[in-house]
Amino acid sequence: MLSEKSLAEIARERAKYPADQARSALLAALRIAQEEQGYLSDAVMEYVADLLGIPAIQVYEVATFYSMYDLQPVGRHKLCVCGSVSCFLNGSDAILQHLSERLGVGLGETTADGLFTLQEVECLGACKDAPMLQVGDHYYGNLTPESLDALLAELRGGADDVR
Amino acid sequence: MPHIEIDGQAIEVAPGTTIMEAAESLGIYIPFFCYHPKLSVAANCRMCLVDVEKAPKPLPACATPVADGMKVATASRKAKMAQQGVLEFLLINHPLDCPICDQGGECPLQDITMGFANPHSHYTEEKRVVEDKNIGPLIATEMTRCIQCTRCVRFGQEIGGIMELGATGRGEHMAIGTYVAKAVQSELSGNMIDLCPVGALTSKPFRYKARSWELKHTPGLCPHCSTGCNTDVQSLGREVLRVLPRANQAVNEDWICDKGRYAYTGLQAEDRVTQPLLRVDGVWCEASWAEALDAALSGLEQMIARHGAGRLAGLISAQSSNEELLLFQALLRGLGSPHVDHRLRQQDFRADAAMPTYPALNMALEDLEREPVVLLCHAFPRQQQPLTNHRLRKSVLQGGKVIAIDSLRRDFNYPVTQLVADAGADLALYEALCSQLSGHAEKADAVPLAHVASDLLAADNPLILIGSALLHHPQAAAMIAQIETLAELAGGRVGWLAQEANSAGAWLSGCVPHRLPGGHTAPAPGLPADALWDADMRGFVLLGTEPGVDAMRGAAALAALQKAEFVLSITQFAGEAKQYADVILPMAAFAEGSGSFVNNEGRLQSFRAAVKMPGEARPAWKILRVLGDGLKLSGFQFNELSEVTAAWQHAIGDYALDVPPFHAFPTLEPVPEPMSADGLCRLGDWSIYQGDPLVRRAAPLAQPAVAKMHPDQAKALALRGDSVEISSHCGKISLPLVLDVRIPMGTVWVPAGYNETAALGATYATCAVTMATLPAVAASA
Ligand code: SF4
Ligand code: SF4
Ligand code: FES
Ligand code: FES
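Residues numbered from 1 in each chain as written. Chains lettered and ligands numbered in written order. Predicted model: local features only at pLDDT ≥ 70, side-chain atom pairs only at ≥ 80, totals over all residues. Heavy atoms only, no water.

Q: What exactly am I supposed to notice about the sheet that holds strand 21 (residues 493-496) of chain B here?
A: Either a parallel or an antiparallel arrangement is found when strands of a sheet pair, and the pairing is made through backbone hydrogen bonds. Residue and element names in this part refer to chain B. If you walk across this open sheet you meet the 5 strands as 19-18-17-20-21, and the pairing is parallel. With one partner strand each, in any of the chains shown, strand 19 (417-420) and strand 21 form the two edges of the open sheet. Adjacent strand axes in the sheet meet at a mean angle of 20° when their direction is disregarded. Here helix 12 (residues 426-437) sits on the sheet and contacts strand 17 (373-377), strand 18 (401-406) and strand 19; the angle it forms with strand 18, its principal contact strand, is near 135°. (Pairing = 2+ DSSP bridges. Helix = DSSP H or I, 4+ residues; strand = E, 2+ residues; numbered from the N terminus. Axes fitted to C-alpha atoms, helices over the stretch in contact; angles between N-to-C directions. Contact = heavy atoms within 4.5 Å.)

Q: Got a minute to help me understand the site of ligand 2 in this structure?
A: Taken together, B:C222, B:H224, B:C225, B:T227, B:G228, B:C229, B:I256, B:C257, B:K259, B:G260, B:P386 and B:L387 form the complete shell of residues around ligand 2. Broken down by secondary-structure element, the contributors of at least two residues to the shell around ligand 2 are helix 6 (258-262) and helix 11 (386-397) of chain B. (Near = heavy atom within 4 Å.)

Q: Teacher, can you tell me more about helix 2 (residues 26-37) of chain A here?
A: Each α-helix turn comprises 3.6 residues. Residues three or four places apart therefore point the same way. In this model, helix 2 of chain A (12 residues) spans 16 Å end to end at C-alpha, consistent with the 16 Å of a helix rising 1.5 Å per residue. One or two residues past the end of helix 2 of chain A sits A:G38, with phi positive at roughly 90°. (Expected span 1.5 Å × (residues − 1).)

Q: I'm lost on the site of ligand 1 in this one. Help?
A: The environment of ligand 1 is made up of 14 residues, and the closest members are B:C146, B:C149, B:T150, B:C152 and B:C196. When its residues are assigned to classes, the shell around ligand 1 shows 11 nonpolar, 2 polar and 1 charged. (Nonpolar A, V, L, I, M, F, W, Y, C, P; charged D, E, K, R; others polar.)

Q: Is there a simple way to think about the packing of helix 8 (residues 322-335) of chain B against helix 19 (residues 620-630) of chain B in this case?
A: When two helices pack together, their arrangement is given by the angle between their axes and by how far apart the axes lie. All names here are of chain B. As a packed pair, helix 8 and helix 19 sit with axes 9 Å apart at the nearest point and diverge in direction by 25°. By the angle between their axes, helix 8 is roughly parallel relative to helix 19. Handedness of the crossing formed by helix 8 with helix 19: left-handed. In this structure, helix 8 contributes E324, L327, F328 and L331 to the contact, and helix 19 contributes A620, W621, L624, R625, L627 and G628. A breakdown of the residues in the contact of helix 8 with helix 19 according to their chemical character gives 7 nonpolar, 1 polar and 2 charged. (Parallel < 35°, antiparallel > 145°, perpendicular 65-115°, else oblique. Left-handed = near helix turned anticlockwise from the far one by under 90°.)

Q: Teacher, can you tell me more about the packing of aromatic side chains here?
A: Aromatic ring pairs: the centre-centre distance and the angle between the two ring planes describe each pair. Per the counting criterion, the structure on display carries 14 aromatic pairs over all chains. Ring plane angle 35° and centroid distance 4.5 Å describe the contact between A:Y60 and B:Y179, whose orientation is recorded as tilted. In this pair, A:Y60 is assigned in helix 4 (residues 56-65) and B:Y179 in the loop between strand 8 (175-177) and helix 5 (191-195), connecting two distinct chains. B:Y179 matches A:Y60 in its accessibility class, with the two residues each being buried. Each ring, one from B:F32 and one from B:Y35, has its centre 5.3 Å from the other, and the planes form 90°; the classification is edge-to-face. Looking at B:F32, the relative accessible area reads 22%, which means it is partly exposed. Judged by its relative accessible area of 7%, B:Y35 is buried. Ring pairs connect the aromatic residues A:F65, A:Y66 and A:Y69, which therefore count as one cluster. Above the ring of B:Y179, the side-chain terminus of B:K133 is found at 6.0 Å from the ring centroid. Seen from the ring of A:F65, B:R170 lies directly overhead, with NZ or CZ sitting 4.4 Å from the centre. (Phe/Tyr/Trp six-rings, centres within 6.5 Å; stacked < 30°, edge-to-face > 60°. Buried < 20%, exposed > 50% of the residue type's maximum accessible area, 1.4 Å probe, protein only. Lys NZ or Arg CZ within 6 Å of the ring centre and 35° of its normal.)

Q: Teacher, can you tell me more about the interface of chain B and chain A here?
A: How large an interface is tends to be reported as the accessible area lost when its parts come together. Each partner contributes residues to the interface: chain B has 14 residues there, and chain A has 15 residues. Here chain B meets chain A over a buried area of about 1100 Å², counting both sides, of which 61% is carbon and sulfur. Among the residues of chain B in contact with chain A, B:M163, B:R170 and B:Y179 are the three that bury the most area, contributing 56% of the side total. In this assembly, chain B and chain A are joined by 0 salt bridges. Viewed at the interface, chain A and chain B are joined by 3 residue pairs in polar contact (both at pLDDT 80 or more). For the side of chain B that touches chain A, the secondary-structure elements that each account for two or more residues are helix 4 (151-160) and strand 7 (166-168) of chain B. Tallying contributions element by element places strand 7 of chain B first for the side of chain B that touches chain A, with 3 residues. (Buried area = accessible area lost by both parts, 1.4 Å probe. Salt bridge = Lys/Arg side-chain N within 4 Å of Asp/Glu carboxyl O. Polar contact = N/O pair within 3.5 Å; in protein donor to acceptor, adjacent residues only side chain to side chain.)

If you want it as structure tokens, here you go:
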């Protein structure tokens, strides 16, 4: 189900922890699986459970806890808008609404062209730049409707920011 | 040791004691939801907040260890405010649907709210709703009611040993469930219902049947395995509505298994008999007791007059009470028949003389959880004795080691070193282990075996437990003899895992052909159960058993019963009996009768009727007494059950709790090797929910019969598709096929206890597996 390369990476993570602590390697294993597969299907999660020798439910627990794991297929760019306190007080609702209108999708949805998925996430530790969002490995802060439009244009233009 | 004070009462407790435990020992009640003495401390509900002097904030009593000089107030203003606050939060998302909730009336959330909450809530917003998932036929879910105490999750992880429920999602979206819809598998799953402090998990078969305060509680005993769990039988009018555990820390602690919990649903089976039945010219007619007893007596008398009592045999279920067992053998022996048995599943009786007085564990169940090294010999207690298994699981969690020898790899719920015999070569495996132990075999050639041998030798007096399934092997006698040698070589001691609720009682009461009550040798031993089918018996008396599915060779048993001239079946269910009986006498079923059982430890426990018998059914002991009286046998003059109990005690005497595990072995005549060169060895045992007439009829527990085979074996036989035909020298059946790597090569697993599989005959016989012939239409397509 996973490539040799991913399996080797997972094995390397697993080896970092004592024999009876397979669960410790779970976060990394799920990240590796998601990077390869794009999202975590039930089948992938069960596969990872077998790989680590832990109950499948423990994998579901972790995968559903962290917003960084995707349990559904997502678009090419994942717009993760922070909705926690600092960002909320600085207008994250308006940011979300603006994006939702521009993209024509609601929270957790993906645009028809498969380019964007809109998500709300918890505090990303960048409160000083509130309101903020994350796309791929990049943080964008002090968001305004204008800066959002510019960002969307850049991403539509093929900027590769994701994974 | 720390001195502390709770609500002004001083107490000295062991270091590490929590405030909750200290309060409990003072009899001070602190409300709680997530705390449970048998589970790890999660401290997530916060209901147990108490006011501790000098602590700035209230502390959770369940998770706070005492410190010397601590002063705790459980009902100060601060404590009360904390309790009210927590309850207000817990109720924010709780639906408050008590009128339609099965937990109502036995709900800690309801009770604690009544006792500790502020009657007003600030919350006016919407409540969240959690989607339900179907988790099988036993547990009904209503997850919107869940307060996320995680008791059910911790139960699965810590007690059940398979984690099936978990907490998925986060914050407001956290939900307890299986995530992907699937039925929970744990044989202890029903205990989660008892643990759930709200109506999120309730019993599906009991759903909407009654309110808890309407139910009558009767202390009962589980009749489904030799653990002898104590139960609380709850009934309304004439109907048993549910069975819950009755805490007994020495036996079942706070639990029962799903067999014990749900088997009662079988009481409603269609073929329950409530009226004596007579076969008149091949047609079944209802009869009065007088007519039926007349027919039974004259049937027996005529049969004996024609063929002699040596052609009469009696078979009784080991779920029968001591009283019934004693009277049953007295009836048969009084009539002059030596053929009395309860061991319908056994096929090798050569070691009968060597068997112990009764199958005794030879230790207390509680001590089992402290055993450092245990060797299980063809025992899978997870299915056969689920709560005995729980003790073994605890020993492993505390660092003990369990080793299992069996014909296939078993799905234990704790780590077990497993030695699996080659197809049919079970005896050889014991022999090989013995030669390893005696140092005769080369160490290098069989590594796992050598490891096991050195583990056993290193252990101080390891415990060797003989499983009930071992007795089902065609070479059981030789295997038992090997185990005696093995125990000597390993310097270990031996205990038996008894199969049924009253297997011990059946041996003690003399329901075996070679021993009388009290274990005395019978002067003229009769034939054991399996031999009766080929012995041209002309008359049978059956009590509580259905040999067609209860016997090792079901089809042979049916044929022998059908051929017999007279068959009297004293039974709860008529379905099978109607195929061969001449007279059917309806007897009391589970929860309808009283009596006593001896469990695996030798513990004598009694139970009494919870509900009235339906229709004309009577307690089996009364039926036996009337028969004995009618046949003018001595020793049947009883009016009350207590008199029979006294007679039992008199006949059995003070039996020992620890008995020698073996008597002297007779010379064992060789039997043919089970496996011939070609063909597969048919493995199989009674499935967990097929073991007795009642549990077989419990619809919520029903699992269809499937054959299992190693995927490589299926490939080697070019089996495709999901249905196969299995044939042995005595019959042919077809079953769905499931691939399972735990089944060794060269074997196929076919469960016993099903009508569908009875035709195949005894286990461990050679059989052939082919693809099922497709129906004509599909084949031509
Ligand atoms: S389902 Fe019941 S036992 Fe499980 S977490 Fe919810 S309230 Fe607790
Ligand atoms: S463990 Fe045995 S005695 Fe206990 S409830 Fe289950 S079947 Fe009954
Ligand atoms: S609240 Fe948005 S980054 Fe911290
Ligand atoms: S009982 Fe103490 S926190 Fe739940």
